[in-house]
Amino acid sequence: MSSAAVTPAARLRGLRPDWLSDPKVWRTEVLAGLVVALALIPEAISFSIIAGVDPAVGLFASFTMAVVISIVGGRRAMISAATGAVALVIAPLNREHGFGYLVAAVILAGVIQVALGALGVAKLMRFVPRSVMVGFVNALAILIFMAQVPEMHDVPWAVYPLIIGGLALMVFFPKVTTVIPAPLVSIVILTVITVAAAIAVPTVGDKGALPSSLPVPGLPDVPFTIDTLTTIAPYAFAMALVGLMESLMTAKLVDELTDTHSSKTRESVGQGIANIVTGFFGGMGGCAMIGQTMINVKVSGARTRLSTFLAGAFLMVLCIAFGPVVSDIPMAALVAVMVMVSFATFDWHSIAPKTLKRMPAGEIAVMTITVICVVATSNLAIGVVVGSITAMVIFAKRVAHLAEVTALTDPDGSTVVYSVTGELFFASSNDLVGQFNYVTDPDKVVIDLSAAHIWDASSVAALDAIETKYAQRGKTVEITGLNNPSADLHGKLTGELAGSH
């Protein structure tokens, strides 16, 4: 059919989201949103405790973050809410200066994220190597599991069979049907059993009181002065960076899982807008949540913005309209869900003996260092930065050895031609100066760079040093074969880099 034959109605249908036209997609998205909402409640309350604020503050943040990011975010089906990383960053500010300053910092962090997104900071994600990504995912799975350990320590004995039962339901129920997400079935069945049998185990209600009304917008209760700005700025900047890094890493992970592309710039700006809105509604701010995103995308099969929106909407409905029922959900049911998520998230292929045998030692080292840093600090951003720097150092070291110099003297002995092969940059050019025979070479020296590329000033300085050493012995040097970018860089810098030494 030609484009001219496409009717306006057909064009409109093409623009409609999948969930509007496909009942199966609609069902998947709605049920996924419900499962995520249930899983968000105890997490949001826990993060509120870490930040030192009322449980309602974390729940409000999770509601506003999820709803706003579903509209303005770049990655479909990704869940953003209150997170532990953000809570750890802003907890000292709340402790030392009070809740008003925390809210002001959340708003400023959102503004910083919008600015960073507009400046294209998301493009830096291309420099995160795959080994760091694998380490990030594996460390995250470990952290998700470790976060459940306190819920299994010093608890009534009935908790353990409930967790095992929940895991068994999630493993075997999908073999019966995948119409209803197995985590939702597990939560419902375990709740019915504990309530009907009056089994005394820790419940969601034990984590803290659920809010009874919707959040109301307002300005943070702080003096609008330079002193306030200087107080909140360091915390806001740290929160903005940590939040963006976790969100962009999560978006990249979901891209790979779903084999689709997402706009990281839009995601960065969207995270900022969501945090600004969250701050004005008195929330503690947040970013993408890998655990809940894995529940939504990998376990429940969600793929659209509807599941993200409904996760936030259902969260408030569950808290306000069904608070007493939600409070009765045993923590064991949610622990089972998160344990299942941790096992599903971990890249087991990456530690298989067959994979480890084939993988270069440097790649294994980078993955291991990333995991250790994340687990040791409980900060995903630190692990990613350290892992990426380690990967760059290993790469530089590896490439530095690829620059080779071979000499060929003319039969008449009047000229020697040095052929340089490889990439010339700070790491490889340091060894370049020592590979020439300044004393015994003939009076004319040709350095052929047709198989090399000059990347930086260090390489130009090294070539200048070689020319100087030959000139001191009355010998001339001719540099040939430069490609256009190398010739431009060499032409600009040669003779301009000599230091006082």
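Just so you know, these numbers come straight off a predicted model, no measurement behind them. (Residues numbered from 1 in each chain as written. Predicted model: local features only at pLDDT ≥ 70, side-chain atom pairs only at ≥ 80, totals over all residues. Heavy atoms only, no water.)

1. A closer look at the overall build of the protein
The condition that has to hold: Numbered from the N terminus, helices here are DSSP runs of H or I no shorter than four residues, and strands are runs of E no shorter than two. Categorising residues by exposure relies on relative accessible area from a 1.4 Å probe, with only protein chains included: less than 20% of the type maximum marks a residue as buried, more than 50% marks it as exposed, and the intermediate range marks it as partly exposed. Residue exposure ignores everything except the shown protein chains as possible cover, and the areas themselves are Shrake-Rupley values with a 1.4 Å probe.
The secondary structure content of the protein amounts to 21 helices and six strands. When its C-alpha atoms are laid out on the principal axes, the protein stretches across 100 × 65 × 60 Å. Every one of the 501 residues in the protein was classed for burial, and the buried ones make up 50%. For the protein, the exposed area adds up to about 23,200 Å²; of that, 66% sits on carbon and sulfur atoms.

2. Considerations on the pattern of salt bridges
Working definition: two side chains of opposite charge can pair if their charged atoms are close together. How we decide: For this analysis, a salt bridge means a side-chain nitrogen from Lys or Arg found within 4 Å of a carboxyl oxygen belonging to Asp or Glu.
Counted according to the given criterion, the structure contains four salt bridges. E478 is paired through a salt bridge with K444; the nearest N and O atoms lie 3.9 Å apart. Of the two residues, E478 is situated in strand 6 (residues 476-480) and K444 in strand 5 (residues 444-454); the sequence distance between them amounts to 34 residues. Judged by its relative accessible area of 38%, E478 falls in the partly exposed class. With a relative accessible area of 38%, K444 lands in the partly exposed category. Taken together, the salt bridges that share partners define one network made up of R75, D255 and K264.

3. Description of the packing of helix 20 (residues 457-471) against helix 21 (residues 484-493)
Spelled out, the test is: The axes are straight lines fitted to the C-alpha atoms, using for helices just the contacting stretch, and the angles between their N-to-C directions are given from 0 to 180°. Note on convention: the crossing is left-handed when the near helix lies turned anticlockwise from the far helix by less than a right angle, right-handed when the turn is clockwise. Contact between two residues is taken to exist if any of their heavy atoms lie within 4.5 Å; hydrogens are not considered. For this classification, the nonpolar set comprises Ala, Val, Leu, Ile, Met, Phe, Trp, Tyr, Cys and Pro, the charged set comprises Asp, Glu, Lys and Arg, and every other residue, Gly included, is treated as polar.
Closest axis-to-axis distance for the helix 20/helix 21 pair is 10 Å, and the angle between their directions is 65°. The hand of the helix 20/helix 21 crossing is right-handed. Residues A457, V460, L463, D464 and E467 of helix 20 touch helix 21, and the partners they reach there are L489, H490 and L493. Classifying every residue of the contact of helix 20 with helix 21 by side-chain character gives five nonpolar, one polar and two charged.

4. Describing the packing of aromatic side chains
Heads up, the condition is: Here a pair means two rings of Phe, Tyr or Trp (six-membered ring of Trp) with centres within 6.5 Å. Their orientation is stacked below 30 degrees between planes, edge-to-face above 60, and tilted elsewhere.
The final tally for this structure, using the stated rule, is eight aromatic pairs. Relative to F436, the ring of Y418 lies with its centre 4.4 Å away and its plane at 50°, an arrangement referred to as tilted. Placement of Y418 in strand 4 (residues 415-424) and of F436 in the loop between helix 19 (426-429) and strand 5 is noted, with a sequence separation of 18 residues between them. Accessibility expressed as a relative area gives 2% for Y418, which makes it buried. Through a chain of ring-to-ring contacts, the aromatic side chains of F145, F343, F346 and W348 assemble into a single cluster.

5. Some details on the layout of surface pockets
The criterion, for reference: Here the term cavity refers to a set of points on a 1 Å grid, laid over the protein atoms alone, in which a 1.4 Å probe fits but cannot get out; the term pocket refers to an open set having protein on both sides within 12 Å along at least five of seven lines, with lining residues being those that place an atom within 4 Å of a point. Grid points are joined across faces, edges and corners, and a volume is the space filled by probe spheres set on the points.
Roughly 760 Å³ of internal volume is contained in the largest pocket. Together, 31 residues line the largest pocket, and E43, F47, G84, L143 and A147 are the ones closest to its centre. Mapped onto the lining of the largest pocket, the elements with two or more residues apiece are helix 3 (23-51), helix 5 (84-97), helix 7 (130-148), helix 12 (290-299) and helix 15 (331-345). Its residues placed into classes, the lining of the largest pocket shows 20 nonpolar, seven polar and four charged.

6. Some words on helix 20
The test is simple: An expected span of 1.5 Å times one less than the residue number is assigned to each helix.
Along its 15 residues, helix 20 runs 21 Å from first to last C-alpha, staying within 8% of the 21 Å computed at 1.5 Å per residue. Of the residues making up helix 20, those classed as buried are S459, V460, A462, L463, D464, I466 and Y470. The inward-facing, buried residues of helix 20 abut strand 4, helix 19, strand 5, strand 6 and helix 21.

7. Considering the pairing of strand 4
The line we're drawing: Strands are treated as partners if at least two bridges between them are detected by DSSP.
Note that strand 3 (residues 404-409) and strand 4 share six bridges and pair antiparallel. By the bridge assignment, V405 is partnered in strand 4 with V420. Hairpin connection, strand 3 to strand 4: the antiparallel pair is bridged by five residues, and G413 has positive phi, about 80°. Of the strand pairs in this sheet, strand 4 and strand 5 are connected by nine bridges, and their pairing is parallel. Residue E423 lies in a different strand from strand 5, and its bridge partner there is H453.

8. Side note on the nonpolar core
Spelled out, the test is: Put simply, buried Ala, Val, Leu, Ile, Met, Phe, Trp, Tyr and Cys residues joined by side-chain atoms within 4.5 Å make one nonpolar core.
One finds I41, L59, M284, I295 and L315 to be the most contacted residues of the largest nonpolar core, which totals 107 residues. The element that contributes the greatest number of residues to this core is helix 3, accounting for 12 residues. With sequence-adjacent residues up to four places away left out, L59 is seen in contact with I41, A44, I45, S48, L210, P211, L315, M316 and C319. In terms of nonpolar packing, the next biggest core, distinct from the first, is built from 21 residues, V420, L424, Y438 and V477 among them.

9. Quick look at the environment of G434
Along the chain, G434 turns up in the loop between helix 19 and strand 5. Relative accessible area serves as the criterion here: at 67%, G434 is assigned to the exposed category. Once the C-alpha coordinates of G434 and L306 are considered, the two residues, 128 residues apart in sequence, prove to be 63 Å apart.

10. Overview of the pairing of strand 5
Going by this rule: Orient the strands so they point away from the viewer, and a crossover whose first-strand-to-second-strand path over the helix runs clockwise is right-handed.
Where strand 5 meets strand 6, five bridges bridge the pair, whose relative direction is parallel. Note on strand 6: the bridge partner recorded for I447 is I479. Running through helix 20, the crossover from strand 5 to the neighbouring parallel element strand 6 is right-handed.

11. Things to note about the sheet that holds strand 4
Strand order in the open sheet made by the four strands is 3-4-5-6, with mixed pairing throughout. A strand with exactly one partner marks an edge of an open sheet, and here the two such strands are strand 3 and strand 6. Recorded for the sheet is a direction-independent mean angle of 20° between the axes of neighbouring strands. Of the strands in this sheet, strand 5 and strand 6 are in contact with helix 21, which crosses strand 5 at around 120°.

12. A few points about the side chain of E43
Quick reminder of the rule: Under the counting rule used here, the positive set is Lys and Arg, the negative set is Asp and Glu, and His together with the chain ends is not counted.
With respect to the element layout, E43 can be found in helix 3. The side chain of E43 sits in the buried core without any salt bridge; K207 is the nearest counter-charge, 8.5 Å away. Each residue touching E43, except ones within four places of it in the same chain, is listed here: Q148, M289, Q292 and M338.

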